[in-house]
Amino acid sequence: MSEMHPTTQCIHGGYNPGEHNHAANVPIYLTSTFEFDSAEACAKAFAGEPEPGQTHFYSRMSNPTNEILEKRLALLEHADAAAVFGSGMGAIAGVFWTFLKQGSVIISSNRVYGCTHALLSHQLTKFGVTVEFVDFTDLKKVEEVCAKYPEISMIYGETVQNPSNDIIDIEALSKISKAHHSKLVIDNTFATPLGCNPLDFGADIVIHSATKYLIGGLCIAGCVMGSFADIAQIKSVGLKDCTGAVLDPVAAFMMLNQIETLDLRVRCMSDNATKLALFLQNHKKIKTVIATGLESHPQFELCKKYLRIPNGLITIYVNGGFNECCQIMNKFKLALRAVSLGKTHTLVNHPASMTHSSYTDDEKAESGISQNMIRISVGCEDISDIIKDFEQALEETNWKAQKKDSQ
Ligand SMILES: Cc1ncc(COP(=O)(O)O)c(C=O)c1O
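All values reported here derive from a predicted model rather than from experimental measurement.

Peer 1: Residue-level account of the domain arrangement of the protein, with values.
Peer 2: Splitting the protein by domain gives domain 1 (6-259) and domain 2 (263-396). The straight-line distance from the C-alpha centre of domain 1 to that of domain 2 is 27 Å. Here domain 1 packs against domain 2, burying approximately 3200 Å² in sum over the two surfaces, 52% of which is carbon and sulfur. Taken together, domain 1 and domain 2 are joined by 1 salt bridge. Salt-bridge contacts for E171 lead to K305; the nearest nitrogen and oxygen are separated by 2.5 Å. For the pair domain 1 and domain 2, the number of links is 25 residue pairs in polar contact (both at pLDDT 80 or more). Contributing elements (two or more residues each) for the side of domain 1 that touches domain 2: α5 (114-123), α7 (170-179), α8 (192-195) and α10 (249-259). By residue class, the composition of the side of domain 1 that touches domain 2 is 18 nonpolar, 16 polar and 5 charged.

Peer 1: Any details on the pattern of salt bridges? Residues and values, ideally.
Peer 2: Counted by the stated rule, this structure contains 11 salt bridges. Between D166 and R111 there is a salt bridge, with the nearest N and O atoms lying 2.2 Å from each other. Here D166, found in the loop between β4 (154-158) and α7, pairs with R111, found in the loop between β2 (105-109) and α5; they are 55 residues apart in sequence, far enough to count as distant. Across the pair, R111 and D166 agree in class, each one buried.

Peer 1: Account for the site of the ligand, with residues named and values stated.
Peer 2: Not every one of the 14 residues close to the ligand is listed here, only the nearest: M89, D187, S209, T211 and K212. G88 places a main-chain nitrogen or oxygen 2.9 Å from an oxygen atom of the ligand. Coverage of the ligand by the protein chains reaches 92% of its 390 Å² of free accessible surface. For the shell around the ligand, the leading source of residues is helix α4 (residues 88-99), giving 3 residues.

Peer 1: Please set out the UniProt feature "modified residue: N6-(pyridoxal phosphate)lysine" (unreviewed entry) in the protein residue by residue, giving values where relevant.
Peer 2: In this structure's numbering, the residues bearing the UniProt feature "modified residue: N6-(pyridoxal phosphate)lysine" (unreviewed entry) are K212. Examined against the element boundaries, K212 turns out to sit in the loop between β6 (205-209) and β7 (222-226). According to the relative accessible area criterion, K212 is buried, its value standing at 13%. If near-sequence neighbours (up to four positions away) are discounted, K212 is found in contact with T189, G217, S340, L341 and G342. Within the structure, K212 has its side chain in polar contact with the side chain of S209 (distance 2.8 Å).

Peer 1: Can you explain empty space enclosed by the protein? Please cite residues and give values.
Peer 2: As enumerated under the stated definition, the model contains 2 cavities of 30 Å³ or more in all. Volume-wise, the largest cavity comes out at about 90 Å³. Lining the largest cavity, in full, are S59, R60, M61, S62, N63, N66, E67, E70, V84, K235, L239 and V246. Those elements giving two or more residues to the lining of the largest cavity turn out to be α3 (64-76) and α9 (228-243). Looking at side-chain class alone, the lining of the largest cavity contains 4 nonpolar, 4 polar and 4 charged residues. Roughly 50 Å³ of volume is contained in the second largest cavity. Secondary-structure elements contributing two or more residues to the lining of the second largest cavity are α8 and α11 (262-281).

Peer 1: A description of α5 should follow, citing residues and the corresponding values.
Peer 2: Counting buried residues in α5 gives 7 out of 10 residues, a clear majority hidden from the surface. By the burial criterion, the buried members of α5 are G114, T116, H117, A118, L119, L120 and S121. Turning to α5, the residues buried within the fold contact α4, β2, β3 (130-134), β4 and α14 (361-367).

Peer 1: An account of the environment of I309 is needed here, citing residue identities and associated values.
Peer 2: Of note, I309 is situated in the loop between α12 (300-306) and β9 (313-318). Relative accessible area serves as the criterion here: at 6%, I309 is assigned to the buried category. Put simply, I309 and A191 are 118 residues apart on the chain and 8.1 Å apart in space, counted from C-alpha to C-alpha. Apart from the residues lying within four places of it in its own chain, the contact partners of I309 are L194, G195, V266, R267 and S270.

Peer 1: I'd like a description of the nonpolar core, backed by residues and values.
Peer 2: Core analysis: the largest hydrophobic core is formed by 59 residues, its most contacted members being L69, L73, I107, I170 and M255. A domain split of this core shows at least three residues from each of domain 1 (6-259) and domain 2 (263-396). Setting aside its immediate chain neighbours within four residues, I107 contacts E132, V134, F136, V145, C146, Y149, I152, M154, I155 and Y156.

Peer 1: Which residues make up the side chain of E381, and what are the values?
Peer 2: Relative to the helices and strands, E381 resides in the loop between β12 (373-377) and α15 (383-396). One buried charge, E381, has no salt-bridge partner; the nearest side chain with opposite charge is K343, at 9.5 Å. Not counting the four nearest positions on each side in its chain, E381 is found in contact with N272, L334, T344, H345, T346 and I386.

Peer 1: Help me get a handle on the pairing of β9, residues and values and all.
Peer 2: Put simply, side chains in a regular strand alternate between the two faces of the sheet. Most of β9 is tucked away: 6 of the 6 residues are buried. On β9, burial covers both faces: L313, T315 and Y317 on one face and I314, I316 and V318 on the other are all buried. Pairing between strand β8 (residues 286-291) and β9: 5 bridges, direction antiparallel. Bridging from a neighbouring strand, A291 pairs with I314 of β9. Bridge analysis of β9 against β12 gives 5 bridges, and the strand direction is antiparallel. Bridging from a neighbouring strand, L313 pairs with S377 of β12.

Rules of the game
Residues numbered from 1 in each chain as written. Predicted model: local features only at pLDDT ≥ 70, side-chain atom pairs only at ≥ 80, totals over all residues. Heavy atoms only, no water. Domains from an automatic or database assignment. Buried area = accessible area lost by both parts, 1.4 Å probe. Salt bridge = Lys/Arg side-chain N within 4 Å of Asp/Glu carboxyl O. Polar contact = N/O pair within 3.5 Å; in protein donor to acceptor, adjacent residues only side chain to side chain. Helix = DSSP H or I, 4+ residues; strand = E, 2+ residues; numbered from the N terminus. Nonpolar A, V, L, I, M, F, W, Y, C, P; charged D, E, K, R; others polar. Buried < 20%, exposed > 50% of the residue type's maximum accessible area, 1.4 Å probe, protein only. Near = heavy atom within 4 Å. Areas by Shrake-Rupley, 256 points an atom, 1.4 Å probe, with all protein chains shown as cover. UniProt positions renumbered as here; feature names shortened; annotations may be inferred. Contact = heavy atoms within 4.5 Å. 1 Å grid on protein atoms, 1.4 Å probe; cavity = no way out; pocket = protein on both sides within 12 Å on 5 of 7 lines; lining within 4 Å. Points joined across faces, edges and corners; volume = space filled by probe spheres on them. Core = buried A, V, L, I, M, F, W, Y, C linked by side-chain atoms within 4.5 Å. Lys, Arg positive; Asp, Glu negative; His and termini not counted. Pairing = 2+ DSSP bridges.

So this is what it looks like as C-alpha cells:
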C-alpha cells in the first residue's frame, strides 16, 4: 500500500475487507473490553506477548476500528505508526506528557494555536518545564535561544502557523534540533498530510487536530504519527496513563470515511482560497492578504518547498481595527462566524478576540496577532458565491477605506 498514490491510500489504506467478513466499509467495534480464551492468554496479552487474535483487551489501549485508522494515517504521513486521540489538544498534551519531565526545556514557536500556547505557557510551567517562545521565521534567534541550554527536550512548531499563515523551515529546524539531541514535533494541521509530510524533512513526530481537514469538522479528534518506538511510548504514557484522551470508535469510523474524500476537499478548498485571495488582494478595504498560493506570500519559496498543495486558509489585515473587523464579519450571509477550519463551509474567525484570546496583549503584539486580522478557512462552496459574499460584506460596511498600504 505504501507505493500507492496518497489519493488511493486515503480510500483503501490500512483496510482489507477480506479480514472483516468482506464489509466494504470499516466495521465499528463498539466495545470497551475484549474477552480472552483463557486466563493464560489474558496474562500473555498484559505482558505484551499476546497470542494471535488476542491483541486487544481494553479500548483505551487499542481498538480494531481505531487500529485501521491508525494504519491509514501512518501511511499518509510516511510514518511507521500512528496513535489516534479524542482531540487535537489531547494529542498535543499526550506528546508533551510522554517526552517532557520536570526540568525539561521546550522551545516553541511564538505563533501556535491559542490553547497550545496556553498549555505551554500556563500549564506545563506549573510542573517545572521551561518554555521559551521564539519567532520561528527567524532561525538565528532559534539558534541563539537553543544555545542558552545544555539540554533541550523538544522543539515545537506548526508547518503553517496559526493564525498568521506563514511557513516554518522544517528542514532547518530539524538540523538545529538534531544538533541539540532534541525531538522536533510538528503540528501539521494547516497543511494536511496531502500538502506536506514533515517527517520527510527531518521532523520526529507529527500531530494533527484531526477535527479539521481529516474529519472535516464532523466531530473533535486528534492524531500523532512517528516511529514505532515513539508511538508505542505515546500510547502507553500519553494516551493510556496521562490523558486517557481516547478516540471513540464511531468517530474513528467517521474519520475513515471523511479521509476517503480528503483529496477532493483539500484541492477544492485550496483552489477556492487562491481565487478568493486574488479578489481580496485588490480590495481597497484590505491592507494585506497572506495566502500560501499567492506569489505575494512573504515566504513564497518556502510555500513551494513545503506545500504540494497551497492550504485553504487566508489571513487578511483589514484597513481598520477591531470595530471594522466586526462590521465585516457581521455582514456575512454565507460564511459562518466560527472558530475551527477545514470544514466544507467557509468560516471566518477574528483570532485576537477568538482562537488566540488567551494570548496577553504583549504576546499578541510579539506574535503579530493584531486587531485588524481576520482568518478565513475557505470551504467547498462554489467560488462565485464565496466571492459574492465577501464582496457584499465589504461593500456593506460603512467605514471609509483608507489608502492601501502594508499591514
Ligand atoms: C493548529 C491547531 N492545532 C491544534 C488544535 C487543537 O485541536 P482540537 O480542537 O481538535 O483539540 C487546533 C484547534 O483549532 C489547531 O488549529
